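So the chains spell out like this:
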Amino acid sequence: MGGLTPDEARRVADRLKLFAQPQRLLILSRLLDGPRAVSVLEDETGIGQPVLSQQLGALRRAGIIRAERESRAIFYSFSDDGEAGWARMLLGVLDGPRGPAAIAQPGRPPAPREGREEAGAVFARVGMSADRG
């Protein structure tokens, strides 16, 4: 994969800004389990109705989620599988070694930690064969 163009970098940064809001992440995490009515989202997230409507509106305008009316209720869901994938990937970062390591090297288990405590960042070795350590 080559480097990003400035335009691509800007688009990714704009997308990440949408996800960089705790209330939106709460909403998206609930929608990963399936469509939800506004009242259910309010109960599950603890976000008050005015703020919830504002956050749902931002996600809808960005094309991440869609709204469908059924009788008197409005149900929200991801606009497509790609948008759900974005949310799943970003929320997967919280899963520890399974998140970024699984994305960086699919099918390869993370290296053992050898029982030591580590502080700070841990970086993967790139471009080295498995037998060279």
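From a predicted model like this one, the values you see are computed outputs, not experimental measurements. (Residues numbered from 1 in each chain as written. Predicted model: local features only at pLDDT ≥ 70, side-chain atom pairs only at ≥ 80, totals over all residues. Heavy atoms only, no water.)

A separate point is the overall build of the chain. The helix and strand inventory of the chain stands at six helices and three strands. Helices (α) and strands (β) of the chain occur, in sequence order from the N terminus, as α-α-β-α-α-β-β-α-α. Looking at the chain as a whole, 24% of its 133 residues qualify as buried. Long-range contacts, defined as pairs at least 24 residues apart, comprise 46% of the intrachain contacts of the chain with a sequence gap of at least 6. (Helix = DSSP H or I, 4+ residues; strand = E, 2+ residues; numbered from the N terminus. Buried < 20%, exposed > 50% of the residue type's maximum accessible area, 1.4 Å probe, protein only. Contact = heavy atoms within 4.5 Å.)

This part takes up the side chain of S77. For S77, the location among the structural elements is in strand β3 (residues 73-78). Non-local contacts of S77, meaning those with residues more than four positions away in its chain, are made with L31, P35, I64, I65, R66 and E68.

With that out of the way, let us pick up the nonpolar core. Among the nonpolar cores identified, the biggest contains 17 residues, and I27, L28, L56, I64 and I65 are the most heavily contacted of them. Looking at this core, the elements with two or more residues in it are α1 (6-19), α2 (22-31), α3 (38-45), α4 (49-61), β3 and α5 (81-92). With residues up to four places along the chain from it excluded, the contact list for I65 reads L28, L31, L56, L59, R60, Y76, S77, F78 and S79. (Core = buried A, V, L, I, M, F, W, Y, C linked by side-chain atoms within 4.5 Å.)

Spatially, β1-β3-β2 is the arrangement adopted by the three strands of the open sheet, whose pairing is antiparallel. Strands at the two margins of the open sheet, each flanked by one partner only, are β1 (36-37) and β2 (65-70). Docked against the sheet, α4 engages β2 and β3, running at close to 115° with respect to β2. (Pairing = 2+ DSSP bridges. Axes fitted to C-alpha atoms, helices over the stretch in contact; angles between N-to-C directions.)

In this sheet, β3 lies alongside β1 in antiparallel orientation, the contact comprising two bridges. Following the sheet pairing, A37 is matched in β3 by F75. Here β2 pairs with β3 via six bridges, running antiparallel. By the bridge assignment, R66 is partnered in β3 with S77. The hairpin turn running from β2 into β3, its antiparallel successor, is two residues long, and S71 in that turn takes a positive phi close to 60°.

A few words now on the packing of α1 against α5. Axis separation between α1 and α5 bottoms out at 12 Å; the angle between their running directions is 70°. It follows that α1 is roughly perpendicular to α5 by the angle criterion. Across from R15, L16 and F19 in α1, the residues of α5 making contact are E83, W86, A87 and L90. In terms of residue class, the contact of α1 with α5 is made up of five nonpolar, no polar and two charged. (Parallel < 35°, antiparallel > 145°, perpendicular 65-115°, else oblique. Nonpolar A, V, L, I, M, F, W, Y, C, P; charged D, E, K, R; others polar.)

Before going further, it helps to examine a nonpolar patch on the surface. On the surface, a cluster of nonpolar side chains totalling about 230 Å² of accessible area is made up of L4, V12 and L16. Along the chain, the position of V12 falls in helix α1. (Patch = residues over 30% accessible without salt bridge, like charges linked within 9 Å, V, L, I, M, F, W, Y side chains within 5 Å. Areas by Shrake-Rupley, 256 points an atom, 1.4 Å probe, with all protein chains shown as cover. Salt bridge = Lys/Arg side-chain N within 4 Å of Asp/Glu carboxyl O.)

Keep in mind that these numbers describe shape and distance, not what the molecule does.
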